[in-house]
Amino acid sequence: MFSFPKKERLCNKKKIDSLFSKGKAFLCYPFSVKYLLSQGDGKIQILIVCSKRYQKKAVSRNYIKRRMREAYRLNNSQLKNRLTEAGQDLFVSLSYISKDLSDYHFIEKNISDVLKTLESKVG
RNA sequence: GGGAAGUAUUAUCCUAUCGCUGAAAGAAAUCGCUUUGAUUUCUUUGAGAGGAAAGUCCGGACAACACAGAGCGGCAUACUGCCUAACAGACAGGCGAUAGUUUCUUUUUAGACUUUAUUUUGUCUGCUUUCGGAAUAAAAAGAGAUUAUUGACAGAUAGUGCAACAGAAAAUAACCGCCCGUAAUUUGUUUUGAAGUUUGAUUUUUUUUUAAUCUCUAAUCCAACUUCUUUUUUGCGGGUAAGGGUGGAAAAUCAGGGUAAGAGCCUGUAGGGAAACUUAGUGAUAAGUUUCUUGUGUAAACCUUAUGCGUUGAAAGUUCAAGUAUAUCAACAGCAAGUACUUGCUCGGUAUUGUUGAGGGGUAGAACGAUUGAACCAUUGUUGCAAAACAUGGUCUAGAUUAAUGAUAGGACACGACAGAAUCCGGCUUACAGAUACUUUCCUUUU
RNA sequence: GGUCCCAUAGCUCAACUGAAUAGAGUACUUGACUACGGAUCAAGCGGUUGAAGGUUUGAAUCCUUCUGGGAUCA
């Protein structure tokens, strides 16, 4: 039910390039979101980014990325159902662009906002 | 008892639910089907980040390329021994520096006692005895011993360079000064200095007498006279490195000789350096003897000497390889026109063209490299002062590749610092809350 | 993951071959010029030479270790 296996991660370099060149973007602080819709059978692949530009230490980057993954894992079921109904594939990249370390509850609230916004753009 | 510094060890834990990474076992489905096998899904089991994983400052393993051998250049290292795969690392030592403790010597000051009319002299260690008492302090310098910390600790006597300002001068020498010679100028026996004679005054001593006075001797001062000696300044030529306030640094200490003045110029001697020898030590080195020598510092200035280093790094490199294009080969088709070859020319043939198949290199991608190792542990044994080595026994302990350790709920206490593997090891450096043990030092309290 | 470079006044750069008041332009302040402003001229202000140690008589410069920023290798 709540899972986040390797298939749902975006690992192919060409797909990442096409996402960043062709995709659309919006901002939902502290996240900058890029997404690309295409015809398919309801697959979703997500890329989680926390760059060295905003978080200097490896420990804090791991801290942010783990909490973002966990929040996405627990809140993605509605978006998946909507995509299966519409019959579209989705590539998403979530970038953390704040220089502060946020706690889990703040990240989870904003992740669910982002997913709702994406849900409204499908179809 | 408290604070600070250093070294060593450790580096939050437990329960439940949901997830991530890879491993093992099992089941099902699909492909394949003689079996092995491949992919996907599910279940179970056990595992999953450090002392620095960091910085990338050194050293290696490993890989590719290069390589008969030698030299130049470049880089690194630099007291000795020893450990190590190797090292700019570790251990043990030598030498130096700093700090502390302690002992001795010298000087000065103060004090006590002693001696002397005063200046002064002596003592102020130990033991014993005696006794009314007192029988030492401070500062500076030097030497020795010991403890701790620390040192990019070869060479300045191979050569080149540099040493601002200040100072005469920063390592050759010149200037002031001192001395000699020479030329000119000025002065001239009234000046300067030396020797002698006479007179006067004062003081002292001796003798005589002692109430004063007088006489004599010696010294000093003033005056006069006699004899001997020229003086000042400047230029030129030479000698000299003793002296010259500076500076981080000023040219071998002291004594004597020597000279016109001087000088390591000469002699002895303190200190430094080199060589040889003796003794101790594996050696650095230490102690001593003899000879020679003595020109400050700087090599984290160039450099010299000795030793070592082939270059590039896992984005190294190895294997498989869809698709697209295709060297080459084979078969089939075409051979209309042009071109080239075959030929003196024409026809013919071959190639240039197309399709299919094979095939090599190789892109996307995948796998290996890549986790059993100079490994870790041991109330073990042997060798060694120690670092460490050997033997014996035991253990398997992350392996990702857009990159894994999290979230929620509850509980415990000391209330949680610095910080996240990316080929792997040995060191170094840097960051760090708390706890434990040890060492050093400071403060306070008690005895 | 490897390799290399840089840091100097508010800003842009010198001085990098050790030598004592670290310089130039611009910005800022004051004055002159002008009826006023601009331009121009003159003067002034402004520096822990990224931080900390070391070598040296002496360090922006030489050496070491950190901090921050940048470039490059498929």
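Cut-offs used in this document
- Residues numbered from 1 in each chain as written.
- Chains lettered and ligands numbered in written order.
- Predicted model: local features only at pLDDT ≥ 70, side-chain atom pairs only at ≥ 80, totals over all residues.
- Heavy atoms only, no water.
- Salt bridge = Lys/Arg side-chain N within 4 Å of Asp/Glu carboxyl O.
- Helix = DSSP H or I, 4+ residues; strand = E, 2+ residues; numbered from the N terminus.
- Buried < 20%, exposed > 50% of the residue type's maximum accessible area, 1.4 Å probe, protein only.
- Patch = residues over 30% accessible without salt bridge, like charges linked within 9 Å, V, L, I, M, F, W, Y side chains within 5 Å.
- Areas by Shrake-Rupley, 256 points an atom, 1.4 Å probe, with all protein chains shown as cover.
- Lys, Arg positive; Asp, Glu negative; His and termini not counted.
- Charge placed at Lys NZ, Arg CZ, Asp CG, Glu CD.
- Disulfide = S-S within 2.5 Å.
- Core = buried A, V, L, I, M, F, W, Y, C linked by side-chain atoms within 4.5 Å.
- Contact = heavy atoms within 4.5 Å.
- Near = heavy atom within 4 Å.
- Polar contact = N/O pair within 3.5 Å; in protein donor to acceptor, adjacent residues only side chain to side chain.

Draft legend 1. Up close: the pattern of salt bridges. Applying the stated criterion across every chain, the model contains 2 salt bridges. Between R73 and E70 there is a salt bridge, with the nearest N and O atoms lying 2.6 Å from each other. Here R73 and its partner E70 are both found in helix α2 (residues 58-75), 3 residues apart, which amounts to about one turn of the helix. R73 sits in the partly exposed class, given a relative accessible area of 25%.

Draft legend 2. Layout of a positive patch on the surface. Where like charges cluster on the molecular surface, the positive patch consists of K52, R53, K56 and K99. Residue position: K99 is located in the loop between β4 (88-96) and α4 (104-121). Overall, K99 belongs to the exposed group, its relative accessible area being 61%.

Draft legend 3. The state of the cysteines, seen in detail. Summed over the entire model, instances satisfying the criterion amount to 0 disulfides. With no disulfide of its own, C28 lies 16 Å from the sulfur of C50, the closest cysteine sulfur.

Draft legend 4. The arrangement of the nonpolar core in detail. Counting residues in hydrophobic clusters, the biggest one holds 26 residues, and the most contacted among them are F31, M68, L94, V114 and L118. For this core, the secondary-structure elements that each account for two or more residues are β1 (24-28), β2 (31-39), β3 (44-50), α2, α3 (77-86), β4 and α4. When residues in this core are grouped by element, the largest group, 5 residues, is from α4. By size, the runner-up hydrophobic cluster in this structure holds 5 residues, among which are L10, I16, L47 and F91.

Draft legend 5. Quick look at the environment of V49. Assignment of secondary structure puts V49 in strand β3. Considering only alpha carbons, one finds V49 and N76, 27 residues apart in sequence, at a separation of 17 Å. Apart from the residues lying within four places of it in its own chain, the contact partners of V49 are M68, L94, S95 and Y96.

Draft legend 6. Molecular detail of the protein's contact with RNA strand B. Not every one of the 21 residues close to RNA strand B is listed here, only the nearest: K6, L10, N62, R66 and R67. A58 places a polar main-chain atom, nitrogen or oxygen, 3.5 Å from a phosphate oxygen of RNA strand B. N62 has a polar side-chain atom sitting 3.1 Å from a base nitrogen of RNA strand B. Broken down by secondary-structure element, the contributors of at least two residues to the surface near RNA strand B are α1 (13-22), α2 and α4.

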